[in-house]
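# Structural overview for review
Spelled out, the chains give:
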Amino acid sequence: MNEKSIVIVGAGMAGLSAGCYARMNGYKATILEMHSIPGGLCTAWTRKGYTFDISMHMLTGSKSGPLHDMWRELGVMENRQFHYHSEMCTIESGSRRLSLCTDRKRLEEQLLVLSPADAELSREFVRLVCGPNMMGAMSLKPAELATPSDFLRMSLAILPVLGTFRRYGKQTIQEFAGRFQDSFLREAIRMTIDGPGWPMVRFPMVAMAGFFKSSISESGVPRGGSQQVAYAVAERFKKLGGDLRLRARVADVLVENNRAVGVKLADGGEVRADEVIWAGDGHRLIFDILGGRYVDDKIRRMYDEWTRSDRSSTSASAWRGTCQGNLRASASSSTGRLPWPARNGSGSRSSTTPLTRRWPPRASRRSKSGTRAATNTGGNWRRTGRATTRKRNVSPN
Ligand SMILES: Cc1cc2nc3c(=O)[nH]c(=O)nc-3n(C[C@H](O)[C@H](O)[C@H](O)COP(=O)(O)OP(=O)(O)OC[C@H]3O[C@@H](n4cnc5c(N)ncnc54)[C@H](O)[C@@H]3O)c2cc1C
C-alpha cells in the first residue's frame, strides 16, 4: 500500500503533535524546523548556570479529561510529575488586591470585601468560574468520525453547562467585567484572562465556565519544564517513525492548481507531499508567502483585530514577565509594577491605572531558604537582579 505523505512546517507543539497524529494515522510524515532544537515557543535556555523557562505554566488537562488522553498519546505523561497551584495570580492596585485562588469561599469573601455593592455580580462570577467545567464536554474525536454513542456521551456531558450557554452565549468577559460598579474589580475580573501584553480580545464568557478547575486545579506545571515536554513529543514522533529535520528553513510553499503540493527550503531543496501543514507563524504564510491570495473577510478581520490589540498594549514582554513570574524584561521597574492603559468594560482605553498581575502569588513564591522563588514547583527558584530563573540543566537531544 502506498503511504500518503504529509510535510509539516515547524516543530513547535502544534507541528510535533500534528506529526505524531499523522504517523498514528498511517501517513509518511516529515517535519521541517528552522531552529536547531524542537519546541518553538515551548522552550527554555540556559545562561550562566540558570535556566530561563518561558512557557508551560500550566499544561491544560494534565490531571484528567480529553486533553489528558491527548498528552498521553503524545508521550508527555510518561514519567512526568506536575505541580498544582492553588492560586492563578494576584491582581494589585495600590493597597487593593485580589487573589484569584481555587478556594471558592476565600475568592468570594475577597470579592465581597472589595466591593459590597457588587455582591450579586461577584457571586455570579464565582459560581461560573468554580462551577461545572467546559472541558468535560469536549471530545478529541473529529465530528465525522463520531459514532451515535459518542454524540450521546457528548450531549450528556454538555447538560451541566447548558444553562451557562443560554445565559452567557453572547457575552464576553470584557462585557461582564464592565458591569462591576467598582473600578478595581472591573479591571481585575477582566484580567483573569485578558491582560496587557496577552490580550484576549472579546473572550467568550462561556469559556470561563469551570475555568478555575480546568486551568488551575486540573492543569499542572510540568516538573522538568517546557523544553522537556517538547522533547518528549519530538521523541514520540521519532519513535512513531516520523522524520524530524532540524535547521531546515522553509522559504516558500509550492502551489499547483491552487493546491499546496510541497515546500521549498531556503537552501533550494524541495519536499513534495500529498498534504502540507503550516505550523509556523500564520501571518507569514497567509500574507507574505501566499501574498494574501487565499484569505476571506473572516481571516483578514481576525488578523487585523489581533494585531491592533496586541500593538496597543503597553510593554507586552514586560507585562508577561511580571505576570508569568519567569522573566523580567528590562522595561519593567524594580518593583515589577507597570503602568498600563486600562480598559473599560467595552474594551476601549480609558485611563492609566497602575495595576499589577502577579503569577504565581507572592506568598507561594518564598522558598524555605527565604529567597524569592518564581513558582512553588519544587524546583530551586531564585530571583536574581532583573531575572527570575530556575537553576537546572537543559540538555538538547
Ligand atoms: C511566555 C509564554 C507562556 C506560555 N504559557 C503557556 C502555558 O502555561 N500553557 C500553555 O498551554 N501554553 C502556554 N504558552 C503558549 C504555548 O507555548 C504556545 O501556544 C505553543 O508553544 C505554540 O506552539 P506552536 O507550535 O503553535 O507555535 P510555535 O511554538 O511558535 O512553533 C512554531 C515553530 O515553527 C518554526 N518555524 C516557523 N517558521 C518556519 C519556517 N519558515 N521554516 C521552518 N520552521 C519554521 C519555528 O522555529 C517554531 O519552532 C505560553 C507562551 C508564552 C510565550
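To start, this report covers the structure provided alongside it. Just so it is clear, the structure is predicted and the values come from calculations on it, not from any experiment.

Scoring rules and cut-offs
Residues numbered from 1 in each chain as written. Predicted model: local features only at pLDDT ≥ 70, side-chain atom pairs only at ≥ 80, totals over all residues. Near = placed C-beta within 6 Å. Helix = DSSP H or I, 4+ residues; strand = E, 2+ residues; numbered from the N terminus. Pairing = 2+ DSSP bridges. Axes fitted to C-alpha atoms, helices over the stretch in contact; angles between N-to-C directions. Core = buried A, V, L, I, M, F, W, Y, C linked by C-beta atoms within 7 Å. Buried ≥ 20, exposed ≤ 12 C-beta atoms within 10 Å, placed from the backbone.

What follows concerns the site of the ligand. Around the ligand, 27 residues are found, and the nearest of them are Gly10, Gly12, Ala14, Gly40 and Gly280. Taken together, the elements giving at least two residues each to the shell around the ligand come down to α1 (13-24) and α13 (316-324). At three residues, the largest contribution of residues to the shell around the ligand is made by α1.

A few words on the sheet that holds strand β12 (residues 270-272). Read from one edge to the other, the open sheet built from three strands follows the order β10-β11-β12, with strand pairing classed as antiparallel. Each edge of the open sheet carries a strand with a single partner, namely β10 (250-256) and β12. Going across the sheet, the axis of each strand differs from the next one's by a mean of 30°, ignoring polarity. As defined by bridge partners, β10 adjoins strand β11 (residues 259-265) across six bridges and the pair is classed as antiparallel. Within β11, the residue paired with aspartate 252 across the bridge is lysine 264.

Looking now at the pairing of strand β3 (residues 44-47). Bridge count between β3 and strand β4 (residues 50-53): four bridges; the pairing is antiparallel. Note on β4: the bridge partner recorded for arginine 47 is tyrosine 50. Between β3 and β4, which pair antiparallel in sequence order, lie two residues; one of them, lysine 48, sits at a positive phi of approximately 45°.

Counting 36 residues, the largest nonpolar core has Ile8, Leu16, Ile31, Ala230, Val233 and Ala234 as the members making the most contacts within it. Elements represented by at least two residues in this core include exactly β1 (5-9), α1, β2 (28-32), α10 (225-239) and β13 (275-278). When residues in this core are grouped by element, the largest group, seven residues, is from α10. Residues Leu128, Ala177, Met191 and Ile193 belong to the second largest nonpolar core, which totals 29 residues.

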